[in-house]
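So you can see what is in the structure, the chains are spelled out below.
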Protein chains: 2
Amino acid sequence: MTKHLLRDLDQLKKHLLEVGGLVEDAIHKATTALLERRVDLAQEVMGGDGEIDDREVAIEEECLKILALHQPVAADLRFIVAVLKVNNDLERMGDLAVNIAERSQELAATAPTPMPTGFPIMIAKVEEMVRDCLGALVALDMDRARKVVDADDEVDDIHRQTFLEMQGIMREHPDQVVRATAIISVSRNLERIADQATNIAEDVMFMVDGDIVRHGGASTP
Amino acid sequence: MTKHLLRDLDQLKKHLLEVGGLVEDAIHKATTALLERRVDLAQEVMGGDGEIDDREVAIEEECLKILALHQPVAADLRFIVAVLKVNNDLERMGDLAVNIAERSQELAATAPTPMPTGFPIMIAKVEEMVRDCLGALVALDMDRARKVVDADDEVDDIHRQTFLEMQGIMREHPDQVVRATAIISVSRNLERIADQATNIAEDVMFMVDGDIVRHGGASTP
């Protein structure tokens, strides 16, 4: 690898982690807005999404430049392709955080009712997954990637549990249908963020191992 | 462009359209399973997803090979990057079709009730969007891409309408909460497929125009 390519890849990693930080921050604010009924935080998330969108476009351009300029092969090429996909995933995670912020704002306008019991753990897990999948990518850390994949099942379980909890509430308290469907929506958006983090982690494992980890190992090369 | 690169890009387009055909087919079967209570079709969709997953991996490898072998630049490079992202999107559309198939199977086991009034139009629109975004990509057809972006608003409207329709049913008939939430889930999965198609169409417009169409035009280059 030439010194220039090395330097450009380092920059690329740095920029990707910066977007990751913005996305983590958006998720944290959106969920705090939910739990603490903080409309101001929800609005910050909505207002900050343009920055994440801009960064996505800039990182894609950076990847294209590196490909055209250095024409990398083998592991470097595979890494850049992974960055292109992860970059896309991060932007969508930002959109999902905006969805959560929107629901949080709506819920803050209704009478306060207890949140699902699993939410604090679910939120903490999802935030950790986002951090870990990006950490795994830049360090090509197989163990950290596997940790993300394992955590996804726990998040899925909490989502299912919340879903049933809310269905029960709707059956018994038809006047709470709007609130309960908004909470299901938050839970689903959290679960989708976890899915995106899992996709990234699986891409990392695929890159490190050269093996097919994706799609639950069901597919053959 | 060398003759070899041209030939390889043609092959790539052909393979991408084949996966697109599989995805369209999966969406069509999953929604027919829903409307006609055809559990057999739902199971076909679930069983066929492995094929779509395998194709995704194969197309990504094909892209990597073309990048390493021909080291394309400018428009060709941009096209391959778009294919990498679209390939990823197609695989996820396949997953969304599986989600619909799963809900269809569940709903077929409950007492038959009328489907939301907007579903037949929504389904037809979503299938058309999938076809159009891929057509737009391989022909770099700006008008066809714009058609997809425009259709997305209509699908969003129908989704919102279905959502409200189902909330009303849950409020008045608490015994139908499970059925209504399953229908909302189908509607949301259709809306997400439309979103993916819109992402693809926006990528095409971005590629053709070199301009920032993505993210609602809100971002600056």
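Given the structure is predicted, the values throughout are model-derived calculations rather than measurements.

Undergrad: Honestly, the overall build of chain A in this entry has me stumped. Any pointers?
TA: In terms of helices and strands, chain A carries six helices and zero strands. In chain A, the succession of α and β elements from N to C terminus is α-α-α-α-α-α. In summary, chain A has a C-alpha radius of gyration of 19 Å against a globular reference of 17 Å for 221 residues, a match within 12%. Here the C-alpha coordinates of chain A stretch approximately 65 × 40 × 20 Å along the principal axes. The proportion of buried residues among the 221 residues of chain A is 54%. Residue pairs at least 24 apart in sequence account for 81% of intrachain contacts in chain A once pairs closer than 6 positions are excluded. When the accessible area of chain A is evaluated, it comes to approximately 9,200 Å², of which 53% is carbon and sulfur surface. When the 24 basic and 42 acidic side-chain charges of chain A are each reduced to a single mean position, those positions are 1 Å apart.

Undergrad: Any chance you could explain the packing of aromatic side chains here in plain terms?
TA: We describe a pair of aromatic rings using the distance from one ring centre to the other and the angle between the two ring planes. Here the structure, examined in full by the defined rule, presents zero aromatic pairs over all chains. Its end group placed over the ring of Phe79 of chain A, Lys13 of chain A keeps NZ or CZ at 5.4 Å from the ring centre.

Undergrad: Sorry, what's going on with the pattern of salt bridges here?
TA: Pairs can form between side chains of opposite charge whenever their charged atoms are close. Applying the stated criterion across every chain, the model contains 39 salt bridges over all chains. Members of the salt-bridge network, linked through shared partners, are Lys14, Glu18, Glu51 and Arg55 of chain A.

Undergrad: Which parts of the structure should I look at to understand the relation of the copies chain B and chain A?
TA: One copy of the chain maps onto the other through a rotation about an axis plus a displacement along that axis. Its rotation angle being 180 degrees, the transformation that places chain B on chain A also includes 0.0 Å of axial translation and leaves an RMSD of 0.0 Å. What the superposition gives is, in effect, a two-fold axis relating one chain to the other. The share of interface residues of chain B whose copies in chain A are also at the interface is 100%, consistent with both copies meeting through the same surface.

Undergrad: Would you explain helix 3 (residues 74–108) of chain A in this entry?
TA: The α-helix winds at 3.6 residues per turn, so residues separated by three or four positions along the chain end up facing the same way. Taking 1.5 Å per residue as the helical rise, helix 3 of chain A with its 35 residues ought to reach 51 Å, and the 51 Å between its terminal C-alpha atoms agrees with that figure. The buried fraction of helix 3 of chain A amounts to 27 of the 35 residues, a majority that puts the element mostly inside the structure.

Undergrad: Help me understand helix 1 (residues 3–36) of chain A in this model?
TA: Across its 34 residues, helix 1 of chain A extends 49 Å between first and last C-alpha, which sits within 8% of the 50 Å expected from 1.5 Å per residue. In the stretch just after helix 1 of chain A, Arg37 of chain A is the one whose phi turns positive, near 55 degrees.

Undergrad: Please explain the packing of helix 2 (residues 39–70) of chain A against helix 3 of chain A as it appears in this structure.
TA: The relative placement of two packed helices comes down to the angle between their axes together with the axis-to-axis distance. Residue and element names in this part refer to chain A. Where helix 2 meets helix 3, the closest approach of the two axes is 9 Å, and the angle between their N-to-C directions is 170 degrees. In terms of orientation, helix 2 lies roughly antiparallel with respect to helix 3. Both helix 2 and helix 3 take part in a crossing whose hand is left-handed. Classifying every residue of the contact of helix 2 with helix 3 by side-chain character gives 18 nonpolar, five polar and eight charged.

Undergrad: Where do I start with the interface of chain B and chain A in this structure?
TA: The accessible area lost on association of the parts is a frequent measure of interface size. Chain B puts 38 residues into the contact, and the matching count from chain A is 38 residues. Summing the contributions of chain B and of chain A, the shared interface buries around 3,800 Å²; its carbon and sulfur component is 56%. Viewed at the interface, chain A and chain B are joined by six salt bridges. Put simply, Lys85 of chain A and Glu60 of chain B hold a salt bridge, and the shortest N to O gap is 2.7 Å. If you look at where chain B meets chain A, you find eleven residue pairs in polar contact (both at pLDDT 80 or more). Secondary-structure elements contributing two or more residues to the side of chain B that touches chain A are helix 2 (39–70), helix 3 (74–108), helix 5 (142–172) and helix 6 (177–209) of chain B.

Undergrad: Help me out: how do you make sense of the side chain of Lys85 of chain A in this one?
TA: The residue Lys85 of chain A is located in helix 3 in this model. With relative accessibility at 3%, the residue Lys85 of chain A sits in the buried group. Of note is the side chain of Lys85 of chain A, whose polar atom sits 2.7 Å from the side chain of Glu60 of chain B.

Undergrad: Sorry, what's going on with the packing of helix 3 of chain A against helix 6 (residues 177–209) of chain A here?
TA: Residues and elements named next belong to chain A. Where helix 3 contacts helix 6, the two axes come as close as 9 Å, and the packing angle between them is 170 degrees. Accordingly, the angle class assigned to the pair helix 3 and helix 6 is roughly antiparallel. Broken down by class, the residue content of the contact of helix 3 with helix 6 amounts to 17 nonpolar, five polar and eight charged.

Undergrad: Help me understand the environment of Asn99 of chain B in this model?
TA: For Asn99 of chain B, the location among the structural elements is in helix 3. Residues Asn99 of chain B and Thr2 of chain B lie 97 residues apart in sequence; the distance between their C-alpha atoms is 43 Å.

Undergrad: Mind showing me how you'd approach the environment of Glu172 of chain A here?
TA: All names here are of chain A. Relative to the elements of secondary structure, Glu172 occurs in helix 5 (residues 142–172). The exposure class assigned to Glu172 is exposed, which follows from its relative accessible area of 63%. C-alpha of Glu172 to C-alpha of His28: the two residues are 144 residues apart in sequence and 32 Å apart in space.

Undergrad: Sorry, what's going on with the environment of Asp150 of chain A here?
TA: Mapping Asp150 of chain A onto the fold places it in helix 5. For Asp150 of chain A, a relative accessible area of 48% translates into the label partly exposed.

Undergrad: In this structure, what is going on with the confidence of the model for chain A? I would like to understand it.
TA: In regions of low pLDDT, the predicted coordinates are not meant to be interpreted in detail. Residues and elements named next belong to chain A. Confidence in the prediction for chain A averages 91 pLDDT; 94% of positions are at 70 or higher. Mean pLDDT in chain A bottoms out at helix 6, which sits at 92, and peaks at helix 2, which reaches 96. In the predicted structure, residues 217–221 sits below a pLDDT of 50 and forms seven contacts with residues beyond four places in sequence or in another chain. Across the predicted assembly, pTM comes out at 0.87 and ipTM at 0.82.

Undergrad: Mind showing me how you'd approach unusual backbone geometry here?
TA: Excluding glycine, most residues fall at negative phi; most peptide bonds, likewise, are trans. At Leu140 of chain A, a position not held by glycine, the phi torsion is positive, near 45 degrees. Here Leu140 of chain A shows up in the loop between helix 4 (119–139) and helix 5.

Basis of the calculations
- Residues numbered from 1 in each chain as written.
- Chains lettered and ligands numbered in written order.
- Predicted model: local features only at pLDDT ≥ 70, side-chain atom pairs only at ≥ 80, totals over all residues.
- Heavy atoms only, no water.
- Helix = DSSP H or I, 4+ residues; strand = E, 2+ residues; numbered from the N terminus.
- Rg over C-alpha atoms; globule rule 2.2 N^0.38 Å.
- Buried < 20%, exposed > 50% of the residue type's maximum accessible area, 1.4 Å probe, protein only.
- Contact = heavy atoms within 4.5 Å.
- Areas by Shrake-Rupley, 256 points an atom, 1.4 Å probe, with all protein chains shown as cover.
- Lys, Arg positive; Asp, Glu negative; His and termini not counted.
- Charge placed at Lys NZ, Arg CZ, Asp CG, Glu CD.
- Phe/Tyr/Trp six-rings, centres within 6.5 Å; stacked < 30°, edge-to-face > 60°.
- Lys NZ or Arg CZ within 6 Å of the ring centre and 35° of its normal.
- Salt bridge = Lys/Arg side-chain N within 4 Å of Asp/Glu carboxyl O.
- Least-squares fit on C-alpha atoms with pLDDT ≥ 70 in both.
- Expected span 1.5 Å × (residues − 1).
- Axes fitted to C-alpha atoms, helices over the stretch in contact; angles between N-to-C directions.
- Parallel < 35°, antiparallel > 145°, perpendicular 65-115°, else oblique.
- Left-handed = near helix turned anticlockwise from the far one by under 90°.
- Nonpolar A, V, L, I, M, F, W, Y, C, P; charged D, E, K, R; others polar.
- Buried area = accessible area lost by both parts, 1.4 Å probe.
- Polar contact = N/O pair within 3.5 Å; in protein donor to acceptor, adjacent residues only side chain to side chain.
- pLDDT = per-residue confidence, 0-100.

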